Amino acid sequence: MDSTIKKYEDLLRRYNILNSISKIVASTRELNKILGITLKGVTFGNGFGFNRAMLFLIDERTNTLKGKLAIGTETAEEAWKIWADILQKNYSLEEFLSLDKLEDEKSSTLNQKILCTSIPIKKNGIIEQCLDDGNPKNVDLTLNGFTDKEFIIKDASVIEKEIMDLVNHPKFCMIPLICRTKKVGIIIVDNKYNNREISREDCIFLMMLGQFAASSIRNTIIYDELKESLNKLANVNYQIKLLKEYNENILESIPLNVFVVDKDFYITACNKNFSELIHLPKSEIIGENIRNYNVKISGYDLIEEVEHVLTNKDIKVFKNVKIELFNKMSESTFDFTLVTLKNSKENIDGVIGILEDITKTVNLEKLLEEAKRFSELGKLSAAIAHEIKNPLISIGGYANRIKRKYFQDNEFDISNIEVVINEISRLEKILDDILYYGSEKKIIYEHMNLSLLIKDCIKMARVSAQLHNISITLISEENYLDNEDLIIHGSYNNLKQAFINLLNNAIEASTSRQKISIDSKIVAEDNKNFIEIKINNEAIIQNEKDINNIFTPFYTTKIHGTGLGLPITKKIIEQHHGSISVESNFENGTTFSVKLPLLSENGHMDA
């Protein structure tokens, strides 16, 4: 009867221990405190009363057990001293569990060894068996094979060497820490100094403690991981906020009008300059679809150009253009660039639009051009006077002859009158060229087919060339002028005058039976295509001074030339954002090269 009462008292005491441990553990979210309370409950003399307890947690990344905490001593003398101190002070379980003496335990030799321990979870080892079947492993290597205690492990070969070296005692128990199906770790306990047997009942209560401890440890780990993740997320959000502010500061510091659209044409960002340009606050612009603004770039539809950039993954540049917004044309002039927006993986997320207001630059260029023109006219006033003086002297001389002849013989000399008329015509031509070169007439630009224009010019020039037995041919190989529709933005009449001047110049420089050849090709410069037209004749300009001054107004080697034909041609080409150059050598003769920006070829828009 007494033994039965004692048995139930012992059971009740152990349940009270579990209850006390559960209350204290439930009041904290500190992992180290939970580990400490769990091992204190295992080693408390009036509790489970084990001499030593060691706790390991699973590192899933390396599939190992990592030592986290140990309570106990390395020698029996130390153990008896600690137990005597506890008995003398007569701590209750709650008092003992609440003692803030864990730091002393952490500095113990046994705990230092545990913290340095990492045990691989080997296939078919005792650790894997314990975690897989969820049952405690009670080890007693002092028993032989004939004992009736079948629940005890007696074979050292299944036990990892690291555990044997660490425990250094033949009797110990391994308890799995499993929360539901999640494997958390193990606890190893022993009675190295008093050699008390580890009973089946001990294992049952240790399992109950292990289940509760595993749940608390797992919840705490999840809580700590979640807390750490939230802290990292908060830090990432903070960094994103800083990066966003940094990028916005960069965007606002750029002295250009900048906006960004995604692949669905929604505006995702813009700077203050752009919002001021379209007279809307940024809050009303960002998130709006740019289709709603009906933007035109000197007649081109912005949406079509953005689609082109997205499809071809390239850059579009529009020079010296006007922007039409809400059917209203801007007063300012812009250089407009569209470029793809790429993410870190080089995928295209949208398009960046950059507008640079060049109105002041354009106006300044006009002023400089006007000043240059007046300067040239001032420097060339003497040449103009000379050019006009010669025909005037001829006109005056022949007019006096006519007068004398009329008063002396009462006759008219028709040849003298023809000379006067021809000189007056030459004078008119000189004045017309001077007026054209010195004036700044507004040019009406439109989309035009350059191929047709050149063919018309060649047709007109061939009439004069045939009179002098000179041939004009198109070089057939890759000659775009002969079989392509080349669309440019320009003035038909002005460009016609320029090319007629070049062809006439080539005819005048040639002699009988010589050839004039015309070639063309498409060249790329600064991400834009140009049509290059070369007009070649077999004559040679031998004097380097003549080549260097060939586009200088009133500079001419011709007897009856005004020296304004080629300067006027150069001016017209430059007004069309093109360029003209000349080369002359004994091998190839003289070649004038004209480059003009190309809009499209056979109806396909230029990249």
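Just so it is clear, the model here is predicted, and its values are computed rather than measured.

Details of the nonpolar core
- With 39 residues, the main nonpolar core has L450, F499, I533, I535 and L596 as its most contacted residues.
- Sorting the residues of this core by element identifies α16 (450–467), β19 (486–490), α18 (492–509), β20 (515–525), β21 (528–537), α20 (565–575), β22 (579–585) and β23 (589–597) as the ones contributing at least two each.
- With eight residues, the top contributor of residues to this core is α18.
- If we ignore the near neighbours within four places in the chain, the residues touching L450 are L486, I488, F499, I531, I533 and L596.
- Within the second largest apolar cluster, 34 residues are counted, among which are V25, L39, V42 and M207.

Topic: the pattern of salt bridges
- On inspection of all chains with the given rule, the structure shows 13 salt bridges.
- Ionic pairing is found between D202 and R196, a salt bridge with its closest N-O pair at 3.1 Å.
- By relative accessible area, which is 30% here, R196 ends up partly exposed.
- We note a salt bridge from K296 to D301, for which the minimum N-O separation is 3.2 Å.
- Looking at D301, the relative accessible area reads 18%, which means it is buried.

A closer look at the packing of α18 against α20
- Axis separation between α18 and α20 bottoms out at 9 Å; the angle between their running directions is 140°. Overall, the two elements α18 and α20 adopt an arrangement that is oblique. As α18 runs across α20, the sense of the crossing is left-handed. On α20, the residues that touch N494, L495, Q497, A498, N501, L502 and N505 of α18 are G565, L566, I568, T569, I572 and I573.
- A per-class count over the contact of α18 with α20 returns seven nonpolar, six polar and no charged.

Describing the packing of aromatic side chains
- Tallied over the full model, the rule gives four aromatic pairs.
- Ring geometry for F259 and F274: centres 4.9 Å apart, planes at 35°, overall tilted. Here the residue F259 occupies a position in strand β8 (residues 257–262), and F274 occupies one in helix α10 (residues 272–277), the gap between them amounting to 15 residues. Across the pair, exposure class does not vary: F259 and F274 are buried alike.

With respect to the confidence of the model for the protein chain
- Considering every residue of the protein chain, the mean pLDDT works out to 79; 75% of them sit at 70 or more.
- The element-level mean pLDDT for the protein chain is lowest in strand β25 (residues 604–605), coming to 40, with strand β3 (residues 118–120) highest at 93.

Some words on the pairing of β19
- Along β19, the buried face is formed by L486, I488 and G490; none of I487 and H489, which line the opposite face, is buried.
- Of the pairings in the sheet, the one linking strand β17 (residues 446–449) to β19 comprises four bridges and is antiparallel in character. Counted as the bridge partner of E446 is G490 from β19.

Calculation rules
Residues numbered from 1 in each chain as written. Predicted model: local features only at pLDDT ≥ 70, side-chain atom pairs only at ≥ 80, totals over all residues. Heavy atoms only, no water. Core = buried A, V, L, I, M, F, W, Y, C linked by side-chain atoms within 4.5 Å. Buried < 20%, exposed > 50% of the residue type's maximum accessible area, 1.4 Å probe, protein only. Helix = DSSP H or I, 4+ residues; strand = E, 2+ residues; numbered from the N terminus. Contact = heavy atoms within 4.5 Å. Salt bridge = Lys/Arg side-chain N within 4 Å of Asp/Glu carboxyl O. Axes fitted to C-alpha atoms, helices over the stretch in contact; angles between N-to-C directions. Parallel < 35°, antiparallel > 145°, perpendicular 65-115°, else oblique. Left-handed = near helix turned anticlockwise from the far one by under 90°. Nonpolar A, V, L, I, M, F, W, Y, C, P; charged D, E, K, R; others polar. Phe/Tyr/Trp six-rings, centres within 6.5 Å; stacked < 30°, edge-to-face > 60°. pLDDT = per-residue confidence, 0-100. Pairing = 2+ DSSP bridges.

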